[in-house]
Amino acid sequence: PHLAALVLARGGSKGIPLKNIKLLAGVPLIGWVLRAASDSGAFHSVWVSTDHDEIEKVAKQFGAQVHRRSPEVSQDSSTSLEAIREFLNHHHEVDIVGNIQATSPCLHPSDLIKVADLIQKEGFDSVFSVVRRHQFRWSEVKKGENKMTEPQNLNPAKRYRRQDWPGELYENGSFYFAKRHLIEKGYLQGGKMTYYEMRAEHSVDIDIDIDWPIAEQRVLSFGYFGKEPLKEVKLLVCSIDGCLTNGRIYVTEDQKEMVSYDYRDLVGIDLLKKRGIQVRLISDRDCSKTLSAMQLGCIAKVSATNKLQVLEDWQKDIGLSWKEVAYLGNEESDVECLKKAGMSGVPADACAVAQKAAGYICKSSGGCGAIREFAEHIFLLLEKVNSARKQ
């Protein structure tokens, strides 16, 4: 049977405008689940159903196919079931739909593989995700009612300790898998159905803006970053023009060039060095006088006609794997380096092709703190690597 992953991503959002492609830890929100779905290998096809051009562009960057949903199922009042049924009406080859929520950035391929087995090999008609919670519930007393609240799942005289109580299962909304015949009857859950219990740390749901910074910390700690295991970064190579500087060149009357840079970026370079990470600089123009004036103390290559070749030479000379190399670039000439490096980033104002190739898009523009921000991102991922080693 044809199993399709389907992510519903409407352009309109009352809570956060274009929430589905807002950057979360440097990656568009929808990118986290598309990466997990693609890398799982569990699906015959991966789709995004959307009514918005920008969401379509991001979806294709992450390798998904796009179904342009109609205005009728793109309203605030439209249900997920209506959008899924419309998708099936246009894709008769699909037998099973794995509806994955774009707002679940800590979803892992291993979960999707197990759920695919439940529905394909064990004969279930529908499978949905749950999380175990240890929360005591009490009855609601509405304002003005002269009533006492009542315990719902506990005896107050004998409260459970957490370790003595298995807790309760709640839907976490990460995904709903169902066979075509159920969906056509108007159900996402039904027939022979079961749940799939996800780990609590993977149950992250973005609903309101206040959750965003919390979710960024969670995804950096528990998110899925790709098939290969993370390694400790030992080298950062940074493009000079447009990353260390804002890309502008000021020319005086006596034809001397001047550029500006942000002190925060110098602090970021210094912090990287103190953590044992080499920082090297690269430029396709001759800016040796500028570098000399900055006194950064970094190895640099200027007039580099082939940045990738320089990067490969440095990587081999130091004896690093690509997973140990980070690259910060902003132009088309940086694209191949961004694709090759284990960790890649671009400033907020980088060109479109560079943004597409990068794993992390900074909130800061070039010459305005982007290096410092990318350094902080590297430090957070180093914490993730160290935590994995301890485990």
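Read on for an overview of the structure. (Residues numbered from 1 in each chain as written. Predicted model: local features only at pLDDT ≥ 70, side-chain atom pairs only at ≥ 80, totals over all residues. Heavy atoms only, no water.)

A few points about the pairing of strand S13 (residues 278–282)
Thinking step 1. Taken across its five residues, S13 has four buried, putting it largely inside the fold.
Thinking step 2. Two strands pair when backbone bridges link them, and S13 and strand S14 (residues 299–301) are joined in this way by three bridges, in the parallel orientation. Following the sheet pairing, Leu281 is matched in S14 by Ala300. (Buried < 20%, exposed > 50% of the residue type's maximum accessible area, 1.4 Å probe, protein only. Helix = DSSP H or I, 4+ residues; strand = E, 2+ residues; numbered from the N terminus. Pairing = 2+ DSSP bridges.)

Looking at the sheet that holds strand S15 (residues 325–328)
Thinking step 1. Taken in spatial order, the six strands of this open sheet run S14-S13-S10-S15-S16-S17, and their pairing is parallel. With one partner strand each, in any of the chains shown, S14 and strand S17 (360–361) form the two edges of the open sheet.
Thinking step 2. Direction of pairing for strand S10 (residues 235–239) relative to S13: parallel, over a ladder of five bridges. If you follow Leu235 over to S13, its bridge partner there is Gln278.
Thinking step 3. Against the sheet, helix H10 (residues 307–318) contacts S10, S13, S14 and S15, and its axis sits at roughly 155° relative to S13. (Contact = heavy atoms within 4.5 Å. Axes fitted to C-alpha atoms, helices over the stretch in contact; angles between N-to-C directions.)

Focus on the packing of aromatic side chains
Thinking step 1. Evaluated as defined, the whole model comprises eight aromatic pairs.
Thinking step 2. Geometrically, the ring pair formed by Trp32 and Phe225 is edge-to-face, given 5.3 Å between the ring centres and 85° between the ring planes. With a gap of 193 residues between them, Trp32 in helix H1 (residues 29–40) and Phe225 in the loop between helix H6 (212–222) and S10 connect regions that are remote in the sequence.
Thinking step 3. Trp32 sits in the buried class, given a relative accessible area of 1%.
Thinking step 4. An angle of 40° between the planes, with centres 6.2 Å apart, marks the rings of Phe175 and Tyr196 as tilted. (Phe/Tyr/Trp six-rings, centres within 6.5 Å; stacked < 30°, edge-to-face > 60°.)

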